[in-house]
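Topology and contacts: notes
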Protein chains: 2
Amino acid sequence: MAIRKIEVRERLMERNDVIARSVRRRLDEFGVFTLNLVSSPGSGKTLLLERTLDALGSEFRIATVTGDVQTQNDADRLARHTSRLVQAVITQGACHLDAKQVETALEAIDLEFTDLLFIENVGNLVCPAAWNLGEDAKVVVMSVTEGEDKPLKYPKMFTESRYAILNKIDLLPYVPFNVEKAIGFARDVNPSLEFFLTSAYTGEGMEDWYDFLRDRVAKLRGAAWSWRS
Amino acid sequence: MAIRKIEVRERLMERNDVIARSVRRRLDEFGVFTLNLVSSPGSGKTLLLERTLDALGSEFRIATVTGDVQTQNDADRLARHTSRLVQAVITQGACHLDAKQVETALEAIDLEFTDLLFIENVGNLVCPAAWNLGEDAKVVVMSVTEGEDKPLKYPKMFTESRYAILNKIDLLPYVPFNVEKAIGFARDVNPSLEFFLTSAYTGEGMEDWYDFLRDRVAKLRGAAWSWRS
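A short note on the overall build of chain A
- What chain A contains, in helices and strands, is eight helices and seven strands.
- For chain A, the C-alpha radius of gyration of 17 Å lies close to 17 Å, the compact-globule estimate for 229 residues.
- Contacts in chain A between residues at least 24 apart in sequence constitute 75% of all its contacts with a sequence separation of at least 6.
- As displayed, chain A offers around 9700 Å² of accessible surface, 50% of which is attributable to carbon and sulfur atoms.
- Of note, chain A has its 29 positive side-chain charges centred 4 Å away from the centre of its 34 negative side-chain charges.

A few points about the nonpolar core
- Of all hydrophobic cores here, the largest spans 52 residues; its most connected members are F177 of chain A together with F177 of chain B.
- Not counting the four nearest positions on each side in its chain, F177 of chain B is found in contact with M142, S143, V144, G147, E148, L166, L172 and A182 of chain B.

Let's talk about the packing of aromatic side chains
- Going through the model one piece at a time under the given rule, you end up with 15 aromatic pairs over all chains.
- Between F196 of chain A and W209 of chain A, the aromatic rings sit 5.5 Å apart at their centres with planes inclined by 80 degrees, giving edge-to-face as the arrangement. With F196 of chain A in strand β7 (residues 194-197) and W209 of chain A in helix α8 (residues 206-228), the pair connects residues that are 13 residues apart, well separated along the chain. W209 of chain A carries the same exposure label as F196 of chain A, and that label is buried.
- Between F118 of chain B and W209 of chain B the ring centres are 6.5 Å apart and the planes differ by 35 degrees, which places this aromatic pair in the tilted class. Taken together, the residues span a long stretch of sequence, with F118 of chain B in strand β4 (residues 116-120) and W209 of chain B in helix α8 (residues 206-228) at a distance of 91 residues.

Overview of the state of the cysteines
Residue and element names in this part refer to chain A.
- This model, assessed by the stated rule, comprises two disulfides over all chains.
- With its sulfur 2.2 Å from that of its partner, C95 forms a disulfide with C127. Looking along the S-S bond of the C95-C127 disulfide, the torsion reads about -100 degrees, which is the left-handed sense. Highlighted residues: C95 in the loop between β3 (86-90) and α4 (99-106) and C127 in the loop between β4 (116-120) and β5 (137-143), separated in sequence by 32 residues.

Thoughts on the relation of the copies chain B and chain A
- Least-squares fitting of chain B to chain A yields an RMSD of 0.0 Å, with the transformation described by 0.0 Å of translation along the axis and a rotation of 180 degrees. Taken together, these values place the two copies in the relation of a two-fold axis.
- Interface overlap between copies is the fraction of interface residues in one copy that are interface residues in the other; for chain B against chain A it reaches 100%, indicating a shared surface.

Things to note about the sheet that holds strand β2 (residues 62-68) of chain B
Residue and element names in this part refer to chain B.
- Read across the open sheet, the seven strands follow the order β3-β2-β4-β1-β5-β6-β7; overall the sheet is parallel. The sheet is open, and its two edges are formed by β3 (86-90) and β7 (194-197), each paired on a single side. Within the sheet, the average angular offset between the axes of one strand and its neighbour, ignoring direction, is 20 degrees.
- Across five bridges, β2 lies against β4 in parallel orientation. Residue pairing across strands places I62 opposite L116, the latter belonging to β4.
- Across the sheet, helix α4 (residues 99-106) touches β2, β3 and β4, and the angle it forms with β3 is around 145 degrees.

Some thoughts on the interface of chain B and chain A
- Listed as interface residues are 39 residues of chain B and, on the opposing side, 39 residues of chain A.
- Roughly 3400 Å² is buried in total at the junction of chain B and chain A, and carbon and sulfur atoms are behind 62% of that figure.
- The tally of links from chain B across to chain A stands at four salt bridges.
- A salt bridge links D68 of chain B to K153 of chain A; the shortest N-O distance between them is 3.9 Å.
- The interface formed by chain B and chain A includes 10 residue pairs in polar contact (both at pLDDT 80 or more).
- For the side of chain B that touches chain A, the elements supplying multiple residues, two or more each, are α1 (2-29), α3 (73-79) and α5 (150-153) of chain B.
- Looking at the side of chain B that touches chain A, the element that brings in the most residues is α1 of chain B, giving five residues.
- Within the side of chain B that touches chain A, the residues separate by chemical class into 19 nonpolar, nine polar and 11 charged.

Overview of helix α2 (residues 45-56) of chain A
- Over its 12 residues, α2 of chain A runs 16 Å from end to end, which matches the ideal 16 Å to within 8%, given 1.5 Å per residue.
- Where α2 of chain A is concerned, the buried positions are K45, T46, L48, L49, E50, T52, L53 and L56 of chain A.

Here we look at the sheet that holds strand β6 (residues 161-167) of chain A
All names here are of chain A.
- The seven strands are arranged β3-β2-β4-β1-β5-β6-β7 in an open sheet whose pairing can be described as parallel. In this open sheet, the two edge strands, each paired with only one partner strand, are β3 and β7. Across the sheet, the axes of successive neighbouring strands diverge by a mean angle of 20 degrees, strand direction being ignored.
- Here β5 runs beside β6; their pairing, made up of six bridges, is parallel. Note that in β6 the partner of V141 across the bridge is I165.
- Of the strands in this sheet, β2 (62-68), β3 and β4 touch α4, which is tilted by about 145 degrees from β3.
- The sheet strands contacting helix α7 (residues 179-189) are β5, β6 and β7, and the helix crosses β7 at an angle near 155 degrees.

Some details on the pattern of salt bridges
All names here are of chain A.
- For the coordinates displayed, the defined rule picks out 28 salt bridges over all chains.
- Between D136 and R24 there is a salt bridge, with its nearest N and O atoms 3.4 Å apart. In this pair, D136 is assigned in the loop between β4 and β5 and R24 in helix α1 (residues 2-29), connecting sequence segments 112 residues apart.
- With a relative accessible area of 19%, R24 lands in the buried category.

Quick look at the confidence of the model for chain A
- Mean pLDDT for chain A: 93, with 94% of residues reaching 70 or above.
- Model confidence for the complex: the whole-complex pTM is 0.87, and ipTM, which rates the interface, is 0.81.

What counts as what
Residues numbered from 1 in each chain as written. Chains lettered and ligands numbered in written order. Predicted model: local features only at pLDDT ≥ 70, side-chain atom pairs only at ≥ 80, totals over all residues. Heavy atoms only, no water. Helix = DSSP H or I, 4+ residues; strand = E, 2+ residues; numbered from the N terminus. Rg over C-alpha atoms; globule rule 2.2 N^0.38 Å. Contact = heavy atoms within 4.5 Å. Areas by Shrake-Rupley, 256 points an atom, 1.4 Å probe, with all protein chains shown as cover. Lys, Arg positive; Asp, Glu negative; His and termini not counted. Charge placed at Lys NZ, Arg CZ, Asp CG, Glu CD. Core = buried A, V, L, I, M, F, W, Y, C linked by side-chain atoms within 4.5 Å. Buried < 20%, exposed > 50% of the residue type's maximum accessible area, 1.4 Å probe, protein only. Phe/Tyr/Trp six-rings, centres within 6.5 Å; stacked < 30°, edge-to-face > 60°. Disulfide = S-S within 2.5 Å. Least-squares fit on C-alpha atoms with pLDDT ≥ 70 in both. Pairing = 2+ DSSP bridges. Axes fitted to C-alpha atoms, helices over the stretch in contact; angles between N-to-C directions. Buried area = accessible area lost by both parts, 1.4 Å probe. Salt bridge = Lys/Arg side-chain N within 4 Å of Asp/Glu carboxyl O. Polar contact = N/O pair within 3.5 Å; in protein donor to acceptor, adjacent residues only side chain to side chain. Nonpolar A, V, L, I, M, F, W, Y, C, P; charged D, E, K, R; others polar. Expected span 1.5 Å × (residues − 1). pLDDT = per-residue confidence, 0-100.

Dropping the structure here:
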């Protein structure tokens, strides 16, 4: 029975990857820089996105897809910070988004008028690691209240991510958390992981994150321009 | 294919429940009060158990089973606080413990000389909710850094739990978290949920938790006594 389970799972994953590649092609075609934000529940993904929408919403055309197990609380929160449609996917118990859900969500988003797409995955440090959604990169968000050894305990999430945000740094004076140790553990698992240190709550460190997004969007625009001309 | 997936899943769950009932019978037979601790990563389960082992280890015979996706970090931490064997289960990527893993772990634990068993589940607010391990009750641990709406976003975990620990209350002055609102949301989902407010880090509120454990062990001993005599 274990073998049967694995076979079904592999077929589901293959099907997911086919759809993810098709999503990837559409996003490439329209030059949309797409980040898939993953984390454990409560790391501060939603507040980070609210702040990002506030800060960059007039510079860029930002679309958002949020996944939740049961509610659309996060989508409601984001909707207060953008005039654009926030696509809420309720996974009905599943611990991750899949490419089909993203593909469906994108049908309602005008990609031609989109520079940046944030996919806020279900809060879960295990399942979303295995599911490619067609994104440019996964960003793992980890808060300083979580303990430094999370990269060792959930290595797949950290190897699958290209960027890491260490959030809630305003709480560093009050928690037993060693930033260097945490970054060291993360780089043991994935040496090329790029880190941002932020407090979405106080705003500390957010400018680096915004500058990174500006840089990526500018590069994609340049590429789309040269490709079209 | 979706139907096929559901069928396989249901058969796996049925098999799990059969084993869970057998684990349950063994624990009942030996009068072992068993709690299955569930939470998102970084809520402080391991520190809570370290403190509990320190505080009650001379009063009671406490056994522990810890589940981790990849490492045995938590087991190593707990082992420094008990002279008894800590059973580490590495789930190899799975986002929860299952009853078979607990059954196997219990083979190495002398239940006759055990009053309390803590099962520290994989840090995950979705998957462990669906898996019965033969425990007396699930205890959901939530920290005040996580946001008040977690019970609404992960309702199954809160309906499946009989107890909830709101941990890291020492951080309340520094985070935007309303305790009454969080408890209210949790009780919307599960009106009979019993709450403990703790800081495993500073020790605040831990005596209530210890008294609760003392009370449950005393009751089980009384029951075992009357049943045997």
